[in-house]
Amino acid sequence: QVQLVESGGGLVQAGGSLRLSCAASGRTFSNYGMGWFRQAPGKEREFVAAINWSGSSTYYADSVRGRFTISRDNAKNTVYLQMNSLKPEDTAIYYCATYLGAYVSSLYRRSSKYDYWGQGTQVTVSS
């Protein structure tokens, strides 16, 4: 059974940084791309970032490009999201998810392309 456990969320002031982690278990981690999504109160879940199986290709939403960095450590079965220059509009629950294959296609923004999801971690950015 695949399990994804996020950690690292919290309360931070605008301009600050947080590093989210997502530990995976239950299948060969390096065989799959990974993604991060977020959902703010009253809004739909939205794509944040994705990474292919090796970490050689990364993808970002326009709203976070240049501020957030996705990375992975296949030896530790963990994917990370480094978030810098945080803004109040980044406040949301952040979820990691496993992509349906090793290579992330052009459809990486679609949540339907991810099959397993974590329980989420809350990120709150105060102004």
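Here's what I pulled together on the structure shown here.

In terms of regular secondary structure, the chain is built from 0 helices and 11 strands. Its helices and strands in sequence order give the chain the pattern β-β-β-β-β-β-β-β-β-β-β, from N to C terminus. At 13 Å, the chain has a C-alpha radius of gyration in line with the 14 Å of a compact globule built from 127 residues. With respect to the three principal axes, the spread of C-alpha positions in the chain is 40 × 25 × 25 Å. When burial is assessed residue by residue, the chain has 42% of its 127 residues classed as buried.

Okay, unusual backbone geometry next. A positive phi angle is found at asparagine 77, which is not glycine, with a value near 55 degrees. Structurally, asparagine 77 is set in the loop between strand 7 (68-73) and strand 8 (78-83). Its identity as a non-glycine residue notwithstanding, serine 85 has a phi of 50 degrees, on the positive side. As for its placement among the helices and strands, serine 85 is situated in the loop between strand 8 and strand 9 (92-99). Take serine 85: its relative accessible area is 42%, and that puts it in the partly exposed class.

Inspection of the secondary structure puts arginine 72 in strand 7. We note that arginine 72 is buried and unpaired, the nearest opposite charge coming from aspartate 73 at a distance of 8.2 Å. A polar atom in the side chain of arginine 72 sits 3.2 Å from the backbone oxygen of tryptophan 53.

Cut-off values and rules
Residues numbered from 1 in each chain as written. Predicted model: local features only at pLDDT ≥ 70, side-chain atom pairs only at ≥ 80, totals over all residues. Heavy atoms only, no water. Helix = DSSP H or I, 4+ residues; strand = E, 2+ residues; numbered from the N terminus. Rg over C-alpha atoms; globule rule 2.2 N^0.38 Å. Buried < 20%, exposed > 50% of the residue type's maximum accessible area, 1.4 Å probe, protein only. Lys, Arg positive; Asp, Glu negative; His and termini not counted. Salt bridge = Lys/Arg side-chain N within 4 Å of Asp/Glu carboxyl O. Polar contact = N/O pair within 3.5 Å; in protein donor to acceptor, adjacent residues only side chain to side chain.

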